[in-house]
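Analysis of the macromolecular model
Next come the chains, spelled out residue by residue.
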Amino acid sequence: MSKYWMITNRNRSGDGLGRDRAKLSYWLSDAGPLDRLNRWQPVDAAGFKKEVIAAASRFPAITDPADHEKQKHVTIFIHGYNNDWTFAAQRYQAIAEKLYGGKDGLGVCILFTWPADGSPLHYLPDRADARESALDLADVLCEFYDWMLGKQTAAIKDPANGCRAKTSIIAHSMGNYLLQKTMQLVWTRKNQPLLVSLINQMILVAADVDNDLFKAGETSDKADGDAIANLTYRITALYTGRDPVLGMSAGLKHFGKRRLGRSGLDRSVARPDNVWDLDCSALMPKGQPNIHGAYFDVPRTLNLMRQILVGVDRDVIKA
């Protein structure tokens, strides 16, 4: 079974992946360093899907609901802006090894890398790239959706044929904007189903999106937040006011909304019951460099992500 997994809409550029949008391509690897493309083996979409299904079929079957926290995951990690392919691959490898590797690993983690320009000066071009990349990630998640519905039907006939994996997403920074637009596309393409859990756990890390994204609350307004809430079992936003990158992001906008990853959810509007947030400021050491990306470096925030992914109750996590 492959150890590392990558889906990308980046173009090939020399001995790596570039900054331009291209057709989706699929890659597998057994060993790092993952920032060297010769460590990756290209496969077609059908081959990649077959490998993921085969990996998930090896997960232990969880039959007792009391043991649901032991269920393995198939997780998609979406990086943020200002991440060239080299940096994205390095961050992905660290996450895969810390959370998904070893005997206590959470399962399979797949990198979705999109053509961010890899420059702090290219914020607005990256935002446009993220919006366009939503079309490509939507194709991937629609495949997930169809496969999961098929597994649910099979499980009704025979529980032994049910899915052995939870699906989850970790999105960072502007990757959350890409995810926001993706989920709307998936929801629309699938005729806007209500309360169909395509994703079990979704973690929005330092999210560069409006903090009133989920303002529809328990009603349906068919907006982006409505799509995310209806396709996901639980959504957790991790934020800190100590994030200077999102301070800059807010300054580049002119319509007045705070960033979810810097201020948390807007308390002046309603939100769905399956959406919550957690201030991570106290989990970051004093003087911690690069707060915006430190969630993936600090042991306490990594442990927090693990608890969220396995499904620990939010009140237990807060305590």
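Scroll up for the structure.
Treat the numbers as computed from the prediction; the structure is a model and nothing was measured.

Some points on the overall build of the protein
Looking only at helices and strands, the protein has ten helices and nine strands in total. Against the globule reference of 20 Å for 319 residues, the protein gives a C-alpha radius of gyration of 19 Å, in line with a compact fold. With the principal axes as the frame, the protein shows a C-alpha extent of 50 × 50 × 40 Å. In the protein, which comprises 319 residues, the proportion classed as buried is 53%. On the protein, the mean spot of the 41 positive side-chain charges and the mean spot of the 36 negative ones are 2 Å from each other.

Some words on the pairing of strand β2 (residues 16–29)
Moving residue by residue along a regular strand, the side chains alternate between the two faces of the sheet. Across eight bridges, the pairing between strand β1 (residues 4–13) and β2 is antiparallel. Of the residues in β2, the one forming a bridge with tryptophan 5 is leucine 28. The antiparallel hairpin formed by β1 and β2 contains two residues in its connecting segment, where glycine 14 sits at a positive phi of about 60°. Inspection of the sheet shows β2 paired to strand β3 (residues 41–43) by three bridges, in the antiparallel sense.

Structural notes on helix α2 (residues 85–100)
Residues three or four positions apart in an α-helix share a direction because the helix packs 3.6 residues into each turn. Helix length check: α2 (16 residues) gives 21 Å between terminal C-alpha atoms against 22 Å at 1.5 Å per residue, within 8%. All of the buried residues along α2 are Trp85, Ala88, Ala89, Arg91, Tyr92, Gln93, Ile95, Ala96, Leu99 and Tyr100. Taken from the residues just after α2, glycine 102 is the one with a positive phi, measuring 80°.

Concerning the side chain of threonine 182
Relative to the helices and strands, threonine 182 resides in helix α4 (residues 175–189). Residue classification places threonine 182 among the buried positions, given a relative accessible area of 0%.

A few points about the nonpolar core
Counting residues in hydrophobic clusters, the biggest one holds 95 residues, and the most contacted among them are Ile78, Tyr92, Ile110 and Leu238. Ignoring anything within four residues of it in the chain, the contact list for leucine 238 reads Ile203, Leu204, Val205, Ala206, Gly261, Leu278, Cys280, Tyr295, Leu304, Met305 and Ile308.

Side note on the pattern of salt bridges
Counting across every chain of the model gives eleven salt bridges. When the shortest N-O distance is used, the salt bridge between lysine 70 and aspartate 67 registers 3.8 Å. For aspartate 67, a relative accessible area of 28% corresponds to the partly exposed category. A salt bridge links arginine 189 to aspartate 139; the nearest nitrogen and oxygen atoms lie 2.7 Å apart. Note that arginine 189 is positioned in helix α4 and aspartate 139 in helix α3 (residues 123–157), a separation of 50 residues in sequence. Connected through shared salt-bridge partners, Asp208, Asp210 and Arg259 make up one network.

What about the sheet that holds strand β8 (residues 232–239)?
The strand order across the open sheet formed by nine strands is β3-β2-β1-β5-β4-β6-β7-β8-β9, and the pairing between neighbours is mixed. Whereas interior strands pair on both sides, the edge strands pair on one side only; in this sheet they are β3 and β9 (275–279). Taking each pair of neighbouring strands and ignoring which way they run, the sheet shows an average axis angle of 30°. Along the sheet, helix α5 (residues 224–231) makes contact with β7 (199–205) and β8, crossing β8 at roughly 120°.

So, the packing of aromatic side chains
Counted by the stated rule, this structure contains four aromatic pairs. Judged by centre distance (6.2 Å) and plane angle (75°), the rings of tyrosine 4 and tyrosine 92 are edge-to-face. One end of the pair, tyrosine 4, is in strand β1; the other, tyrosine 92, is in helix α2, and 88 residues separate them in sequence. Of the two residues examined, tyrosine 4 and tyrosine 92, each falls in the buried class. Plain terms: the ring middles of phenylalanine 77 and phenylalanine 296 are 5.6 Å apart, the flat faces sit at 75° to each other, and that makes the pair edge-to-face. Of this pair, phenylalanine 77 sits in strand β4 (residues 72–78) while phenylalanine 296 sits in the loop between α8 (291–294) and α9 (299–310), and the two are 219 residues apart along the sequence. Take phenylalanine 77: its relative accessible area is 0%, and that puts it in the buried class. These aromatic residues form a ring-pair network of at least three members: Trp5, Tyr26 and Phe48.

Procedures and definitions
- Counting from 1, residues in each chain are numbered in the order their sequence is written.
- Where local features are concerned, this predicted model is filtered to residues with pLDDT of at least 70; where side-chain atom pairs are given and counted, the filter is 80 or more; whole-chain, interface and lining totals use all residues.
- Calculation of side-chain values draws on the structure's entire complement of heavy atoms; hydrogens and water are dropped beforehand.
- Note on conventions: DSSP H or I runs of at least 4 residues are helices, E runs of at least 2 residues are strands, and numbering of each starts at the N terminus.
- Atoms counted for the radius of gyration: C-alpha only. Globule rule: 2.2 Å times residue count to the power 0.38.
- The cut-offs for exposure are 20% and 50% of the maximum accessible area for each residue type, with area from a 1.4 Å probe on protein chains only; residues under the lower value are buried, those over the upper are exposed, and the others partly exposed.
- Only four residue types enter the tally: Lys and Arg on the positive side, Asp and Glu on the negative side, with His and both chain ends excluded.
- Taken as the charge centre is NZ of Lys, CZ of Arg, CG of Asp or CD of Glu, depending on the residue.
- Strand pairing follows a simple DSSP-based rule, namely that at least 2 bridges must link the two strands.
- Multiplying 1.5 Å by the residue count of a helix minus one yields the expected span of that helix.
- Working definition of a nonpolar core: buried Ala, Val, Leu, Ile, Met, Phe, Trp, Tyr and Cys residues. They are joined through side-chain atoms within 4.5 Å.
- Note on definitions: a residue-residue contact is assigned when non-hydrogen atoms from the two residues lie within 4.5 Å.
- Whenever a carboxyl oxygen of Asp or Glu lies within 4 Å of a side-chain nitrogen of Lys or Arg, that contact is scored as a salt bridge.
- Only C-alpha atoms enter the line fits that serve as axes; for helices the fit covers just the stretch in contact. Angles between N-to-C directions range over 0 to 180 degrees.
- Pairing of aromatic rings covers Phe, Tyr and the six-membered ring of Trp, with a centre-to-centre limit of 6.5 Å; geometry is then stacked below 30 degrees between planes, edge-to-face above 60, and tilted otherwise.

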